[in-house]
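# Fold and contact review
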Amino acid sequence: MVSSKVEDSLNNQILLEGESSQFYLSMASWAENQGYVGTSSFLYRQADEEREHMLKLIKYVNERGGVARIPSISEPPTEFDCLTNVFESLLSHELNITAKINSVVHICLQEQDYTTHNFMQWFVSEQIEEEATARGILDRIKLTGSEKGGLYLFDRDLENLIGGSISVPSAGK
Ligand code: FEO
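Residues numbered from 1 in each chain as written. Predicted model: local features only at pLDDT ≥ 70, side-chain atom pairs only at ≥ 80, totals over all residues. Heavy atoms only, no water.

### Considering the overall build of the chain
Tallying secondary structure elements over the chain gives five helices and zero strands in all. Going from N to C terminus, the chain has its helices and strands arranged as α-α-α-α-α. For a compact globule of 173 residues, the expected C-alpha radius of gyration is about 16 Å, and the chain comes in at 17 Å, within 12% of that figure. A principal-axis box enclosing the C-alpha atoms of the chain has dimensions of 55 × 30 × 20 Å. Counting only residues that meet the buried cut, the chain has 45% of its 173 residues in that class. Taking the contacts inside the chain whose residues are at least 6 apart along the sequence as the reference set, 79% of them involve residues at least 24 apart. In the structure as shown, the chain presents an accessible area of about 8,800 Å², 50% of it carried by carbon and sulfur atoms. Where the 14 positive side-chain charges of the chain centre and where its 26 negative ones centre are 3 Å apart. (Helix = DSSP H or I, 4+ residues; strand = E, 2+ residues; numbered from the N terminus. Rg over C-alpha atoms; globule rule 2.2 N^0.38 Å. Buried < 20%, exposed > 50% of the residue type's maximum accessible area, 1.4 Å probe, protein only. Contact = heavy atoms within 4.5 Å. Areas by Shrake-Rupley, 256 points an atom, 1.4 Å probe, with all protein chains shown as cover. Lys, Arg positive; Asp, Glu negative; His and termini not counted. Charge placed at Lys NZ, Arg CZ, Asp CG, Glu CD.)

### Focus on the confidence of the model for the chain
Here the chain averages 91 in pLDDT, and 94% of its residues register 70 or above. A low-confidence stretch, residues 165-173 stays under pLDDT 50, and its non-local contacts, those more than four residues away or across chains, total 28 contacts. (pLDDT = per-residue confidence, 0-100.)

### Describing the nonpolar core
Residues Met27, Leu43, Leu83 and Phe87 are the most contacted members of the largest nonpolar core, which totals 23 residues. Here the element with the most residues in this core is helix α1 (residues 4-34); it accounts for six residues. The contacts of leucine 83, once residues within four sequence positions are left out, are Trp30, Tyr36, Thr39, Ile141, Leu151 and Phe154. Formed by 21 residues, the second largest nonpolar core is a distinct cluster that contains Leu57, Tyr60, Val61 and Ile97. (Core = buried A, V, L, I, M, F, W, Y, C linked by side-chain atoms within 4.5 Å.)

### Some points on the packing of aromatic side chains
As enumerated under the stated definition, the model contains eight aromatic pairs in all. Where tryptophan 30 meets phenylalanine 80, the ring centres are 5.8 Å apart and the plane angle is 75°; that geometry is what we call edge-to-face. Note that tryptophan 30 is positioned in helix α1 and phenylalanine 80 in the loop between α2 (37-63) and α3 (83-110), a separation of 50 residues in sequence. For the pair formed by tryptophan 30 and phenylalanine 80, the shared burial category is buried. Among the aromatic residues, ring-to-ring pairing joins Phe23, Trp30, Tyr36 and Phe80 into one connected group. A cation sits over an aromatic face here: lysine 56 above tryptophan 122, 4.2 Å from the ring centre. (Phe/Tyr/Trp six-rings, centres within 6.5 Å; stacked < 30°, edge-to-face > 60°. Lys NZ or Arg CZ within 6 Å of the ring centre and 35° of its normal.)

### Examining the pattern of salt bridges
Evaluated as defined, the whole model comprises four salt bridges. Linking aspartate 157 and arginine 140 is a salt bridge whose minimum nitrogen-to-oxygen distance equals 2.9 Å. Of this pair, aspartate 157 sits in helix α5 (residues 148-161) while arginine 140 is found in helix α4 (residues 114-144), placing the two residues 17 residues apart along the sequence. Judged by its relative accessible area of 26%, aspartate 157 is partly exposed. We classify arginine 140 as partly exposed; its relative accessible area is 25%. (Salt bridge = Lys/Arg side-chain N within 4 Å of Asp/Glu carboxyl O.)

Below, the structure written as structure tokens:
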């Protein structure tokens, strides 16, 4: 049974993961309209994964005797300056999510809820991976440069690298 404090923090995380999914979806759609095929495929896939994260939390809260709240989600940003701006926003978003996950973990310890603490370790690891992926992608953009030709190569590279050497987290691990 989860305490009301743990339940509230998990419900807040459900909202954040849902918002993450919409944010990725918005970036994916922007990239698609700009003709960045590889980037949009990558971001659509990430949007699905964030939804999986939300579902994982919903199921956990319900299984542990709590009640998962299905949140309404505010509209994400829809305009981005460039690909660098997209991935900088993405990294800063993920850093914020990591801080929120750490707060949930902190509450679990305060409440002596070691079961939820254990469950949350999956999210802790996932965040390490997602931050590393975002940093890796930003490094690649810097290497290829922000000229049109460079960005075209970057985008093609990202398409080829999905599931390749850039570690792209998969859902439901
Ligand atoms: Fe599920 Fe990227 O936070």
